[in-house]
Amino acid sequence: MSHTTTGTEPAQPPPGDDTAFFGQPRGLMTLSGLEVWERFSFLGMQAILVLFFADKVSDGGMGMEPGTAASVSAAYGTLVYLVSVAGGWLADRILGSYRAVLYGGILIACGHYAMAVPTATMTWVGLGLISAGTGLLKPNVASMVGKLYSTEDSRRDAGFALYYMGINIGAFAGPLVTGWLGDHASWHWGFSAAAFGMTLGLIQYVVGRRHLAGRKHSAEYALAPDAMRRAVLLIVAGVVVAALVATALVLAGWLTIDRFVDVLTLISVIAPVVYFVVMFRSPRVTPEERGRLRPYVVLFLASVVFNFILFQAYSTMMLLASTNARTEIFGFHFPASWYASALGAFEVALAPVVAAVWARMGPRQPHASNKIAIGVILGGLSFLLMVLPTSGHADDTYRMAAWWIVGSYLLLGLGDILLETSGMSATTKLAPKAFASQTMALWFLSLALANGIQAQIVKLYGEVSNPAYFGVNGAIAVAAGVAVIAAAPWLKRTMHPVH
């Protein structure tokens, strides 16, 4: 069979590519490299974003109160994951995965370059571009990794492990560079580094495109030509109308930052409810599949609780580190934003250890629901740990040892490994066949809801005492994890074929 299309380049990777990257397809290096730089830019920017919002205007910041800064940062995360649901649909129906990722990367780079311009207007423009770009790129890179392997290929899991390691390398390196620049030069120099990183990722993605399977193909489930034209026109018109309405509301003084945050939270709550109602009522869903959806709702909510804690690693924990944590270890001084790198470092180090433990335990390893529950409990404990160093102080001028925050991130990183891997696997197995292509949308909606709730709760940061804030949120997460463990007998019985 010919591997060519109407163009001059082959549609499939060269035959020698199949084992060219540590026994994996060469295309895995291209996609992993893209994710290294995308996470470098995204999490590098996010590590300093809340500090930029909270910093004084005279020092180059936005002058927000800490709670407001954390809320706006969380709302940005909500928007990113809501747009990711649409990004998956656009790739499936209109653009195709390769072009969706390419266009998304270009939007992200443009957004970071916009944020490098030291004006408030360009900051908001940049965040909008990054949200749209990440929504196109993030859900489609993983699907491109999957296309490198046949369904029966035994290397598939190992390939995804290498891919996720690339993600965590970017998560580790990004805050180191952007944080140092933000601390020693200006916040906008930090945003410039994020822009440069995304540009490098795009270059190597385009240069390595010949190693990607099916990159010449159109959308996998493309709309008919007439329907596609209508869809494109509706999308463009919708974006233009939304922009005009938003501009008018801003000029009229109605659409404030607080109200925009509230609207995003409301959408993040409504969207998954509608999604689940549609699935439960769909005639294309069999009674057996409907039975598996019920336990998935429990796991979905567990993901929301855990990620509510996890995402605060880049908001309230950053604020706490900047005001009440020592920024030195063994005499070495570092920017507060470098704490965010600890999370990526722990996940890089612990992921192979966890995988080895599960492999060694074999059939004796915990059920997927218990792995998720343990992850939620660890997330709660990471917050409860912060009660100890923040308690018993006469004022807010104290400085805790760096190891407290590092220890909290250790618990959080281990919890993330347990929950994300088991949760994503359970999602793909429990979703009804009629909605199989939309499983990533379900997962992203749990992340959007977690951020939406966070956008409201973090407003209390700085209004209540730190021990109360971290203690109550941590205790709720632990209680949620214990509840999932208590429901384990029912979950094991109803989650077949998940083990």
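In what follows, the structure referred to is the one given above.
No experiment lies behind these values; they were computed from the predicted model shown. (Residues numbered from 1 in each chain as written. Predicted model: local features only at pLDDT ≥ 70, side-chain atom pairs only at ≥ 80, totals over all residues. Heavy atoms only, no water.)

> Mind laying out the overall build of the protein, listing which residues take part and the relevant values?
Assigned secondary structure in the protein consists of 17 helices and 2 strands. Relative to its length of 499 residues, the protein is compact, with a C-alpha radius of gyration of 22 Å against a globular reference of 23 Å. Viewed in the frame of its principal axes, the protein has a C-alpha envelope of about 75 × 55 × 45 Å. Among the 499 residues that make up the protein, the fraction classed as buried is 51%. When the 31 basic and 26 acidic side-chain charges of the protein are each reduced to a single mean position, those positions are 10 Å apart. (Helix = DSSP H or I, 4+ residues; strand = E, 2+ residues; numbered from the N terminus. Rg over C-alpha atoms; globule rule 2.2 N^0.38 Å. Buried < 20%, exposed > 50% of the residue type's maximum accessible area, 1.4 Å probe, protein only. Lys, Arg positive; Asp, Glu negative; His and termini not counted. Charge placed at Lys NZ, Arg CZ, Asp CG, Glu CD.)

> So what's going on with helix α1 (residues 26–54)? Residues and values would help.
Taking 1.5 Å of rise per residue, 29 residues should cover 42 Å, and α1 covers 43 Å from first to last C-alpha, within 8% of that figure. Of all the bends in α1, the greatest measures close to 30° and is centred on I48. Counting buried positions along α1 gives 24 out of 29 residues, so the element sits mostly inside the fold. (Expected span 1.5 Å × (residues − 1). Bend = angle between axes of the 7 residues up to and from the residue.)

> So what's going on with the side chain of D55? Residues and values would help.
Tracing the sequence through the fold places D55 in the loop between α1 and α2 (66–95). Notably, D55 is buried but unbridged: the nearest opposite-charge side chain belongs to K56, and the N-O separation is 6.3 Å. Looking at D55, its side chain comes within polar contact range of the side chain of W187, at 2.9 Å. Not counting residues within four places of it along the chain, the set of residues in contact with D55 comprises G61, M62, G63 and W187. (Salt bridge = Lys/Arg side-chain N within 4 Å of Asp/Glu carboxyl O. Polar contact = N/O pair within 3.5 Å; in protein donor to acceptor, adjacent residues only side chain to side chain. Contact = heavy atoms within 4.5 Å.)

> So what about empty space enclosed by the protein? Which residues, and what values?
Applying the stated criterion across every chain yields a total of 1 cavity of 30 Å³ or more. Here the largest cavity is characterised by a volume of approximately 40 Å³. Lining the largest cavity are Q46, S73, A74, F311, Y314, S315, N451 and Q454. Of the residues that constitute the lining of the largest cavity, the class distribution is 3 nonpolar, 5 polar and no charged. (1 Å grid on protein atoms, 1.4 Å probe; cavity = no way out; pocket = protein on both sides within 12 Å on 5 of 7 lines; lining within 4 Å. Points joined across faces, edges and corners; volume = space filled by probe spheres on them. Nonpolar A, V, L, I, M, F, W, Y, C, P; charged D, E, K, R; others polar.)

> Just give me the short version of the packing of aromatic side chains, but keep the residues and values in it.
If you walk through the whole model with that rule in mind, you get 19 aromatic pairs. A ring pair is formed by F276 and Y296, whose centres lie 6.1 Å apart and whose planes are at 45°; its orientation type is tilted. In this pair, F276 is assigned in helix α8 (residues 257–281) and Y296 in helix α9 (residues 287–310), connecting sequence segments 20 residues apart. Residue F276 shares its accessibility class with Y296, and that shared class is buried. Pairwise contacts between aromatic rings join F52, F53, W124 and F191 into one cluster. (Phe/Tyr/Trp six-rings, centres within 6.5 Å; stacked < 30°, edge-to-face > 60°.)

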